[in-house]
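Next come the chains, spelled out residue by residue.
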Amino acid sequence: QVQLVESGGGLVQAGGSLRLSCAASGRTFTMYRMGWFRQAPGKEREFVAGISWNGGSTYYADSVKGRFTISKDNAENTVYLQMNSLKPEDTAVYYCAADRRGDRNWLWEVSAMDYWGKGTLVTVSS
């Protein structure tokens, strides 16, 4: 089991950039697949980006491809989400999530994740 704490959210203008961080506790972190999900006002939580347990593969929702980059620092037990060219429709609470089973990278769904952070709010003004 791990604890996840997100940080880095805030208010930015459209076209700007922001980097989110997810700090994870636990010595098994290096074997967990990690992902970012978001929930916009009035909408359900959706997948944004994911990374395999060894950091060798990344996965993105179509809506953020080419703009967002997920990365991982195993030494610091931290996952990042670099967000560029932000749009007002990116406004949401962003959640970090972890799955103990690092070998099912075909399944990036809310129901597949075991652990969740409390979220960090990203607001993009027009």
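Residues numbered from 1 in each chain as written. Predicted model: local features only at pLDDT ≥ 70, side-chain atom pairs only at ≥ 80, totals over all residues. Heavy atoms only, no water.

Engineer: So what about the packing of aromatic side chains? Which residues, and what values?
Structural biologist: This model, assessed by the stated rule, comprises 6 aromatic pairs. Relative to tryptophan 116, the ring of tyrosine 95 lies with its centre 6.5 Å away and its plane at 80 degrees, an arrangement referred to as edge-to-face. Of this pair, tyrosine 95 sits in strand β9 (residues 92-99) while tryptophan 116 is found in strand β10 (residues 115-116), placing the two residues 21 residues apart along the sequence. The buried category is assigned to tyrosine 95, whose relative accessible area is 13%. Three or more aromatic residues joined by ring pairs make a cluster, and in this case those are Phe37, Phe47, Tyr59, Tyr95, Trp108 and Trp116. A cation over a ring is seen here: arginine 33 above tryptophan 108, with NZ or CZ 4.4 Å from the ring centre. Positioned above the aromatic ring of tyrosine 95 is the side chain of arginine 45, whose terminal nitrogen or guanidinium carbon lies 3.7 Å from the ring centre. (Phe/Tyr/Trp six-rings, centres within 6.5 Å; stacked < 30°, edge-to-face > 60°. Helix = DSSP H or I, 4+ residues; strand = E, 2+ residues; numbered from the N terminus. Buried < 20%, exposed > 50% of the residue type's maximum accessible area, 1.4 Å probe, protein only. Lys NZ or Arg CZ within 6 Å of the ring centre and 35° of its normal.)

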